[in-house]
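Structural overview
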Amino acid sequence: MTATLSVPASRRRDGQDYLRVGAGPALTAMWAGAAAVVFLWWHDTPFVTGLDGWLTNAGRITGLLAGYLVVLLLALMARVPALERGVGTDRLARWHAMAGRYTVCISVAHTLLIIWGYSVTAHASVLNQTGSFLTSYPDVLMATVALGLLVLVGVVSARAARRRVSYETWHFIHLYTYLAIALAFSHQFATGADFMTNLPARVLWSAMYVVVAVLLVWFRLVRPVVQALRHQLRVVEVRRESADTVSVWMSGRHLERLGIEPGQFFRWRFLTRGRWWAANPYSLSAAPSGNLLRITVKHAGEHSRGLFSLEPGTRVLAEGPFGAFTAGRRTRRKVLLIGGGVGITPIRALFESLPGEPGDLTLAYRATSASDIVFRDELEWIARERGAKLFYLLGSRGTKRRTDPLNAANLERHVPGLREHDVYLCGPPGMTERAQAELRKAGVPRRRIHHESFTF
Ligand SMILES: Cc1cc2nc3c(=O)[nH]c(=O)nc-3n(C[C@H](O)[C@H](O)[C@H](O)COP(=O)(O)OP(=O)(O)OC[C@H]3O[C@@H](n4cnc5c(N)ncnc54)[C@H](O)[C@@H]3O)c2cc1C
């Protein structure tokens, strides 16, 4: 199987651009939702008096915000195409992680404030009040279990703990969030002052939960099944690219209907005995060509290693395409692409397909040594065909900042007029952080550095 130079349509079949909701509008909508939640409390609260009043009302506001935030957490991960293409999966995941931390803290604050406020009103101790809540209100008991689950998910997701557990364990524990949301739902209407007597508020609140549930079921369950049946993907060839890197070619039907944009990725599930249960993300390493797709994978752990021994004919379920690391982010005619290690995969697809005249595109490939370079022939061929510039930056990973080939002076030497470029950057975390700092030093504004992260 050889790579061909193709420039696929990055528009829908009807000629319209894909619907994208950018980060600005998405953030505005999220803050507007939070403001509406606070408005709901303010609307239902004529006045606040006394310590118990202040505590209980602070508990009500935090409770409402927690109820809103858990829905937001799910919406961010619902894989809604307009958000995936506009905001990008990595940024959505970062927002999700940040909102998750707030949700856990606000939920704990809600619980403590409500208990404290009621205990002041009832002249009871905090312990007695807690016992009374748990024994008198079954919905509150369920919500307390939900809080425990949320705290568990938060603790396992904390950076220090996250490094110690496998991705699969972390992901599995994360699924308890759904259970927590289901358990906590009823106490909002049974005991929430803002809902007990306010039917429109109850209806709107329920609608918010139902809409997000429908999005989740549609985009995470129904759509992947429909896609699998429609496209019938199978492995056609597995080719070793270097000692620790392999390319997997797959063919399928009607691939043009997937609306793939070079730079995007899929979650791939290879239907073999030991692997069918895991869906791992890999970027396309070439723009789609006819009925063929290609990924290129570096050996990292169990899933990636297993791809080295895939047999032609293996069925594949691909969920996607995802990600905003595409031509849609471009703002300038001149583009510098920087790929490091296996981060070259989406960069290779963009190098092939980004529109441009000779001289518009430059590719810098950061690798430890010449033997780590993959796609050398392909990249050189694309560079020749497109009149693009290609250069390699070789050196070990631990190289000091001053001597790292990826420093501002070196980049400016290779790329005249660097600050006038858009930059697309993908590679291991340490390398991309350093590259971003060097690019900023060279005068490239942050908004023109487009970055894809391989770690969620
Ligand atoms: C958007 C994106 C695009 C990627 N594209 C490529 C690519 O083109 N080529 C390539 O070689 N690698 C790519 N990766 C990285 C690749 O997904 C991981 O190296 C691979 O999933 C590791 O799985 P493993 O079982 O082999 O290793 P493990 O040792 O199990 O995992 C190593 C690390 O990979 C990540 N990871 C594992 N499973 C998943 C999962 N299901 N979802 C998200 N992250 C996971 C975790 O951070 C984990 O700590 C990409 C990652 C992302 C997020």
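On to the overall build of the protein, then. Across its full length, the protein holds 16 helices and 11 strands. Along the first, second and third principal axes, the C-alpha set of the protein runs to 80 × 50 × 45 Å. Each of the 456 residues in the protein was classed as buried or not, and the buried ones make up 49%. For the protein, the proportion of contacts with a sequence separation of at least 24, taken over those separated by at least 6, is 73%. With an accessible surface of roughly 22,500 Å², the protein has 62% of that area assigned to carbon and sulfur atoms. Taken together, the 54 basic and 32 acidic charged side chains of the protein have centroids lying 2 Å from each other.

Around the ligand sit 20 residues, and of these Asn280, Pro281, Lys298, Ser304 and Thr345 come closest. Here an oxygen atom of the ligand sits 2.8 Å away from a polar atom, N or O, in the side chain of Asn280. Taking Ser283, its main chain carries an N or O atom lying 3.1 Å from a nitrogen atom of the ligand. Among the secondary structure elements, those contributing two or more residues to the shell around the ligand are β4 (280–283), β5 (292–298) and α12 (302–306). Considering every element that reaches the shell around the ligand, the biggest residue donor is β4, with 4 residues.

Considered domain by domain, the protein is made up of domain 1 (23–224), domain 2 (232–322) and domain 3 (327–452). Between the C-alpha centres of domain 1 and domain 2 there is a distance of 37 Å. With 9 residues of domain 1 in contact, the opposing surface of domain 2 contributes 11 residues. Summed over the three residues of domain 1 that lose the most area to domain 2, namely Arg79, Arg85 and Thr89, the buried surface amounts to 61% of that side. In this assembly, domain 1 and domain 2 are joined by 2 salt bridges.

Before going further, it helps to spend a moment on the sheet that holds β4. Where strands meet in a sheet, backbone hydrogen bonds hold them as pairs that are either parallel or antiparallel. Strand order in the open sheet formed by 6 strands is β4-β3-β6-β1-β2-β5, and the pairing between neighbours is antiparallel. The sheet is open, and its two borders are formed by β4 and β5, each paired with just one other strand. Within the sheet, the average angular offset between the axes of one strand and its neighbour, ignoring direction, is 40°. Looking at chain direction, strand β3 (residues 265–270) and β4 are connected through 4 bridges and run antiparallel. Along β4, the bridge assignment pairs Phe266 with Tyr282.

Two side chains with opposite charge may pair up if their charged atoms get near one another. One pass over the full model with this rule turns up 15 salt bridges. A salt bridge links Arg85 to Glu261; the nearest nitrogen and oxygen atoms lie 2.4 Å apart. One end of the pair, Arg85, is in helix α3 (residues 81–86); the other, Glu261, is in the loop between β2 (245–251) and β3, and 176 residues separate them in sequence. A single burial state applies to Arg85 and to Glu261, both of which are buried. Where Asp244 meets Lys298, a salt bridge forms, and the shortest distance between an N and an O atom there is 3.7 Å. Highlighted residues: Asp244 in the loop between β1 (233–242) and β2 and Lys298 in strand β5, separated in sequence by 54 residues. Relative accessible area serves as the criterion here: at 27%, Asp244 is assigned to the partly exposed category.

A rise of 1.5 Å per residue sets the reference length of helix α2 (residues 50–76), with its 27 residues, at 39 Å; its end C-alpha atoms lie 39 Å apart and thus fit the reference within 8%. Burial within α2 is extensive, with 21 of its 27 residues counted as buried.

Let's shift gears to helix α4 (residues 89–122). Across its 34 residues, α4 extends 48 Å between first and last C-alpha, which sits within 8% of the 50 Å expected from 1.5 Å per residue. His123 sits one or two positions beyond α4 and adopts a positive phi of about 50°.

Rules behind the numbers
- Residues numbered from 1 in each chain as written.
- Predicted model: local features only at pLDDT ≥ 70, side-chain atom pairs only at ≥ 80, totals over all residues.
- Heavy atoms only, no water.
- Helix = DSSP H or I, 4+ residues; strand = E, 2+ residues; numbered from the N terminus.
- Buried < 20%, exposed > 50% of the residue type's maximum accessible area, 1.4 Å probe, protein only.
- Contact = heavy atoms within 4.5 Å.
- Areas by Shrake-Rupley, 256 points an atom, 1.4 Å probe, with all protein chains shown as cover.
- Lys, Arg positive; Asp, Glu negative; His and termini not counted.
- Charge placed at Lys NZ, Arg CZ, Asp CG, Glu CD.
- Near = heavy atom within 4 Å.
- Polar contact = N/O pair within 3.5 Å; in protein donor to acceptor, adjacent residues only side chain to side chain.
- Domains from an automatic or database assignment.
- Buried area = accessible area lost by both parts, 1.4 Å probe.
- Salt bridge = Lys/Arg side-chain N within 4 Å of Asp/Glu carboxyl O.
- Pairing = 2+ DSSP bridges.
- Axes fitted to C-alpha atoms, helices over the stretch in contact; angles between N-to-C directions.
- Expected span 1.5 Å × (residues − 1).

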